Amino acid sequence: MEEKSWKDHHALLNSKEENELEIFGYKTQGCRKAMCIAGYIFSCGVLLLLFYWKPAWDVWANCIPCNLQEADVILLRTTDESKKYTRKKVTWIDLSTLNLSFRDGSDSLLIADKDSVINRAIMKPELKVRSIQVQKIRYIWDISVKQFQKVGSLDDSNSCYDIHHKFGTGLTSEEQNIRRLVCGPNTIAVEIRPVWKLLFKEILNPFYVFQTFTLTLWLSQGYIEYSVAIIILSVIAIGLTVYDLRQQSVKLHDLVEEHNRIQVTACTKDNGCKKLESHYLVPGDILILDEKKHSLPCDAILIDGGCVVDEGMLTGESIPVTKTPLPHTENSTSWKTHSAEDYRRHVLFCGTEIIQTKPTSKGPVRAVVLQTGFNTAKGDLVRSILYPRPMNFKLYRDAFKFIIILTLIGVLGLIYTVCVYMKHKQPVADTVAMALLLFTGSVPPTIPAALTTGIVYAQRRLKKKKIFCISPQRINICGQINLVCFDKTGTLTEDGLDLWGVIPSEGNRFQNVHSFTSGTPLPWGPLCGAMASCHSLIVLDEKIQGDPLDRKMFEGTCWEMEDSSTTHSEAGVPDTSIIIKPGSNASDAPVDGIAILHQFPFSSGLQRMSVITQQIGKDQYDLYMKGAPEMVTNFCRPETVPNDFVKELKVYTTQGFRVIALAHKTLHMGKDVELQNLEREEVESDLTLLGLLIMENRLKAETKPVLEELSAARIRSVMITGDNLQTAITVAKNSEMISKTSKVIIIEASEPEGPTPASITWQLMEDSKQNAAGISDTCVNIEERIMPESNNYHFALNGKSYQVIVKHFKSLLPKILVNGTVFARMSPGQKSSLVEEFQKLNYYVGMCGDGANDCGALKMAHGGISLSEQEASVASPFTSQMPNIECVPELIREGRAALVASFAVFKFLTMYGLTQFIGTALLYWQLQIFGNYQYLMQDVVITLLVCLTISLTQAYPKLAPYRPPGQLISPPLLLSIVLHVCITTIMLVCGFLFVKQQPWYVEMSNHRVHPPGNQSLSSVSTVLNRNGTANGTAVFSRVLSYEDTTLWPLTTVNCIILAFVFSKGKPFRKPIYTNYIFSVLLLIQLGITMFLLFADISAVYKGMQLLYTPTIWRVYILIMLFVTFCVSFFVEDVILQNRHLWLLIKKCFQFRSQSQYRKWQRKLEQDPTWPPLKRKDFAENRKTEIYINPIYEHTEEN
């Protein structure tokens, strides 16, 4: 295909987003479709089934490639490693049904917003729009740029001015109708899937289709009872799966259904305001928010008034968040760009609860609908549950490869059977049936289902420990975690901060510390005013609510808070203000109170917040700011910042205190100034530094023991926080994330300035204590051996330096990350970026945070755990109701146990299949096969019950200092299978040949049916007559033999031996005897088999189709099994599970880990110049570096 036509045929959907997809255009061709229909008929539906499994083949067979503009079928392909295909039909939206007033005007715009994609998508004069629906999101064909564009949200290119003037007065009814038809209803509709659909989908699973084929074969060969038992078990399994899926569907439907029927007040240009159901809302509508508490049915931009919302559904933190209106600015930049990382303060997200509205003197609180349906924040979260991010874990890829290997073994068996049966000149029908029988026996159809049992049990155990999971497939991956990132505040340290003191600053000098523990109230002044007013607290149900830090700070002033009342209106204080007054224990103040008129809320990206206040009864306006000391001083006049500022700050941050700077400025503005339209940048300048607020942030009691446990397990711990660097380093040292003997190297990187290129400096922390003993810190260096002293160091840097390094020193980034431990002042976007960079070094990354600012990082990590009181937060795959980091080792323990259980089940099923395969192949040599009940005993009584109970063994309480293997295609596992196959083969061949050498052995034509001690012989015909059926004759003649009677107990007990040998206990799971159900089950199974072997009961032998043998021969069988058990146990436990032996083998063969971080560790060990100390490096060539900024907005939305 030529380059231009390929470009028209192929495009990217959602480019550079998490849900990026490739799309290809195809056109249905009549003759191809007719040929495919004929193929469906002649193949009896097999071709249709194949196309159901492979949508791409369906499209390629029925359609021809064409450009996307002409396509009636779209083929979608994921851009990850799985390359999964989906087929979508192009549909037409007909606008002519709306009876539009200007439908004949070919050049006129149907949508007033000329930049809207809808205008560019309408084909004139037909008034039609081409669309596709992918994962609940609608895309329409943009004729001008020739690509599919997402619809259902306002265009991001709109400026603040556009939002206010294009949409501030509402849409016309006609435009509403057009948008409603094109964008679809504002609903997050999750259908309760009908049982027949779920059943149909489950039955068409390749596993069940393969099983149906196998069972048809068994039935055709007269294995009625066995086949019926398997059918019953399959029906139960399908029934339970369908029931579970149905329950999940109902639960999710109920969760979102009430969202679709919320009564709202919306305004149009021509019909004014009226109440309507929320599903009629469209992007661009004006919403009127009343004072009642209610859930928001869409994403909306606040344009008038303020409100307080609870975003617990999004973040897991039920802390009131203040929202401010979008400013009335006249610049042309995008409203999101204008607000930078702080744009979220203007957005009311769908699903969040409005708990308080603050109307202005102009009128009610108004908002413009930004996004509807599945485009909203809540819709995105529901989609993440419906379409979880595929985790391309190597275990599942290896399982598929392994099944292919077993299939090839089955093909060899098929060839062997054909050769044997042709040699004996058997009928073709018998040859084909027996060949297919052996072929299907090599691949146990229960492998895919059995792999999930360990996960199901682990999920149940986690739930008991208050850890909830919305992505169960990640549990196995958590067993491989070798690096955990922790947020600091509220995760490693206590949520609540204790007020320690405040250091006032006057006349370019710091004053004496005012201690809050002394009981003396803080004297009145700007510093007291800042502490009393610079916060986002609100009064709700007569309680002060808000951020714990703000609450502690406010309580320290002994002031009181109340909502504004009409009594203050006379003094010119707006009704929406929050009033604070001196309390009975506060110091005397020459003011009646302070009114908080306007807030610029705190943002993690901006690291500050500020408020505009007015003293009641006076015309004096003040601006107070609080935030990160480094950030606040940037807005202060240099002469107000003490010369020893950095030194004083370091004194407290190095002791682990949380330090917040406060600043003030008197505003000179008239009463008629519109506060809502004030630009933050205009007022936040030329401030006076008031002082430093010192807060004590204590470690949680559980933090240190957990970090020590992870360190002992050689799992690396990293801190990613928004707090000060020095404070973070101190917390890392106090928690022993950084050991006392380790060096800390602070990295500072600077952006280029003029001709000076970007620079990076490496400075050893002055108070780092060096220890000549050179004890290694296993917390960071996770090699199998102890690291040399030269590598006993940790890097610490802030978000600004991290960004410069990513941009200008990309080659240094891996070197820094392998020993980077503290990352401070990190924005949410940078946290996500850092987790991704760790993953690029082949680390399996866990992330533990509070869910608020860590959303992106929690989703990005292999195992993200949000500490939340909610049962399930869609902020992360795992949610822990434990309010501390004890959940991290718990999750890793369960992940390891689930992973080891999956391996055990896989090995057992493989060996069970191959044991049956070898036994059946030996019997085929003389045209025989195992009996109906013999198979039934092996498959149901032993194998099925083992698979259901082997994973019940609980996780070992202590984390081992190494991880379980993460690959099925690995030397230990392959060697295990090969050796056990050899042991099994030797045992079965010996039994098969040895029985023929016995003096009492007779050929199958004349068998004993009584103990050899009894001299009366009975021929086969006697047995057949007892059975009484012709079918029985056929079966018995193929089953009854001394070879079968010998091989059956050998294969059956061998399965029990393998179940015991593979159910490994320490170091990842508790010992086998703690799994009472499994242990008792094995003993019962062994007892039943021994009973069948030694019981001289004619009815039992007849039912099991076994022959009597001398007791001594049964003892020989027992000895063979005992020897097999000893050899298998020795091979598995002493050789294959011997870690020291494998390390020795690795050393002899000079095998080294190919993980990127290990390669870098080895390189840096050999580098005498690393780590650099007390030096400054410059970027060589700025033009060669490519940098994509990790955008806060993108991370948070996805």
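All of the points below concern the structure found in this document. (Residues numbered from 1 in each chain as written. Predicted model: local features only at pLDDT ≥ 70, side-chain atom pairs only at ≥ 80, totals over all residues. Heavy atoms only, no water.)

1. Remarks on the state of the cysteines
Our working definition: By definition, disulfides here are pairs of cysteine sulfur atoms that lie within 2.5 Å. Three exposure classes are used, based on accessible area relative to the maximum for each residue type with a 1.4 Å probe and protein chains only: buried under 20%, partly exposed in between, and exposed over 50%.
Taken as a whole and judged by the stated rule, the model has one disulfide. Cys267 shares a disulfide with Cys273; S-S distance 2.0 Å. A torsion of 90 degrees about the S-S bond marks the disulfide between Cys267 and Cys273 as right-handed. Cys887 provides the cysteine sulfur closest to Cys848, a residue in no disulfide bond, and the two sulfurs are 4.4 Å apart. When its relative accessible area of 0% is taken as the criterion, Cys848 is described as buried.

2. Focus: the nonpolar core
Where we set the bar: Grouping buried Ala, Val, Leu, Ile, Met, Phe, Trp, Tyr and Cys residues that are joined through side-chain atoms within 4.5 Å yields what is termed a nonpolar core. Only DSSP runs of H or I reaching four residues or more are called helices, and only runs of E reaching two or more are called strands; each is numbered from the N terminus.
With 81 residues, the main nonpolar core has Phe908, Ile929, Val946, Leu1047 and Leu1050 as its most contacted residues. Take this core: its biggest share by element is 16 residues, from helix α30 (residues 887–924). Ile455, Leu462, Cys478 and Ala898 belong to the second-largest nonpolar core, a separate cluster that totals 42 residues.

3. Notes on the packing of helix α3 (residues 46–53) against helix α4 (residues 55–62)
Rules: The angle between two axes is taken between their N-to-C directions and runs from 0 to 180 degrees, where each axis is a line fitted to C-alpha atoms and a helix contributes only its stretch in contact. Residue contacts are defined here by distance: any two heavy atoms, one from each residue, within 4.5 Å place the two residues in contact. Think of it as three bins: nonpolar holds Ala, Val, Leu, Ile, Met, Phe, Trp, Tyr, Cys and Pro, charged holds Asp, Glu, Lys and Arg, and polar takes everything else, Gly as well.
Close contact between α3 and α4 brings their axes to 5 Å; oriented N to C, the two are set at 120 degrees. Judged by residue contacts, Leu50, Phe51, Tyr52 and Trp53 of α3 engage Pro55, Trp57, Asp58, Ala61 and Asn62 from α4. In terms of residue class, the contact of α3 with α4 is made up of seven nonpolar, one polar and one charged.

4. Description of the packing of α30 against helix α32 (residues 971–996)
As a reminder, the rule being used: When describing relative orientation, an angle under 35 degrees is termed roughly parallel and one over 145 degrees roughly antiparallel, while 65 to 115 degrees is termed roughly perpendicular and anything else oblique. Note on convention: near helix rotated counterclockwise from far helix by under a right angle means a left-handed crossing. Clockwise means right-handed.
Contact geometry for α30 and α32: axes closest at 10 Å, N-to-C directions at 30 degrees. The orientation of α30 with respect to α32, classified from their angle, is roughly parallel. Handedness of the crossing formed by α30 with α32: right-handed. On the side of α30, the interface is formed by Phe903, Lys907, Thr910, Met911, Leu914, Thr915, Ile918, Gly919 and Leu922, while α32 contributes Leu973, Ser976, Ile977, His980, Val981, Thr984, Thr985, Leu988, Val989 and Phe992.

5. What to know about helix α7 (residues 173–183)
Buried residues of α7: Ser173, Glu175, Gln176, Ile178, Arg179, Val182 and Cys183, and no others. As for α7, its buried residues are in contact with β6 (91–94), α5 (117–121), β8 (137–142), α6 (160–167) and β10 (263–268). Positioned one or two residues after α7, Gly184 has a phi angle of 90 degrees, which is positive.

6. Remarks on the side chain of Gln1085
Counting through the fold element by element, Gln1085 comes out in helix α36 (residues 1076–1094). Every residue in contact with Gln1085, bar those within four places of it in the chain, is listed here: Val941, Ile942, Leu945, Val946 and Ile1056.

7. Points about the sheet that holds strand β21 (residues 483–486)
The strands that make up a sheet pair up through hydrogen bonds in the backbone, lying either parallel or antiparallel. The test is simple: When DSSP finds two or more bridges between a pair of strands, those strands are recorded as paired.
Overall, mixed pairing links the 11 strands, which are arranged β20-β41-β40-β39-β21-β34-β38-β37-β35-β36-β42 in an open sheet. Two strands lie at the open edges of the sheet, namely β20 (467–469) and β42 (1175–1178), each paired on one side alone. Strand-to-strand twist of the sheet, defined as the mean angle between neighbouring strand axes without regard to direction, takes the value 20 degrees. Docked against the sheet, helix α25 (residues 725–734) engages β34 (716–720), β35 (743–750), β37 (793–798) and β38 (820–824), running at close to 140 degrees with respect to β38.

8. Concerning the pattern of salt bridges
How we decide: A carboxyl oxygen of Asp or Glu within 4 Å of a side-chain nitrogen of Lys or Arg is what we treat as a salt bridge.
The final tally for this structure, using the stated rule, is 26 salt bridges. Measuring nitrogen to oxygen at the nearest pair gives 2.9 Å for the salt bridge that ties Arg461 to Glu894. Of the two residues, Arg461 sits in helix α17 (residues 453–464) while Glu894 sits in helix α30, which places them 433 residues apart along the sequence. One exposure class covers both Arg461 and Glu894, and it is buried.

9. Digging into the sheet that holds strand β9 (residues 147–150)
One open sheet accounts for four strands, arranged β6-β7-β8-β9; its pairing is antiparallel. In this open sheet, the two strands that pair with only one neighbour each are β6 and β9. Geometrically, the sheet is characterised by an average inter-axis angle of 40 degrees between neighbouring strands, direction not taken into account.

10. Details of the packing of aromatic side chains
Rules: Ring geometry is summarised as follows: Phe, Tyr and Trp rings, the Trp one being its six-membered ring, pair when their centres sit within 6.5 Å, and such pairs are stacked at plane angles under 30 degrees, edge-to-face over 60 and tilted between the two.
According to the stated counting rule, one finds 28 aromatic pairs in the structure shown. Aromatic side chains Trp141 and Phe148 sit 5.0 Å apart centroid to centroid with 70 degrees between the ring planes, which places their arrangement in the edge-to-face category. Residue class for Trp141 comes out buried when judged on its relative accessible area of 4%. Given the relative accessible area of 5%, Phe148 is considered buried.

11. Digging into the pairing of strand β31 (residues 621–627)
Here β31 lies mainly inside the structure; seven of its seven residues are buried. Where strand β30 (residues 608–615) hands over to β31, the hairpin turn is made up of five residues, of which Gly617 adopts a positive phi near 85 degrees. Note: β31 against strand β32 (residues 657–667), seven bridges, orientation antiparallel. In the sheet register, Leu623 faces β32, and the bridge partner there is Lys665.

12. Notes on the environment of Thr265
Threshold: Here a polar contact is taken to be a pair of N or O atoms separated by no more than 3.5 Å, where protein atoms must pair a possible hydrogen donor with a possible acceptor and residues adjacent in sequence count only if both atoms sit in side chains.
For Thr265, the location among the structural elements is in strand β10. Judged by its relative accessible area of 17%, Thr265 falls in the buried class. A C-alpha to C-alpha distance of 7.4 Å links Thr265 and Leu289, two positions 24 residues apart in sequence. Contact partners of Thr265, with chain neighbours within four places excluded, come to Cys273, Lys274, Lys275, Ile286, Leu287 and Ile288. A distance of 3.4 Å separates polar atoms of two side chains, one belonging to Thr265 and the other to Lys275.

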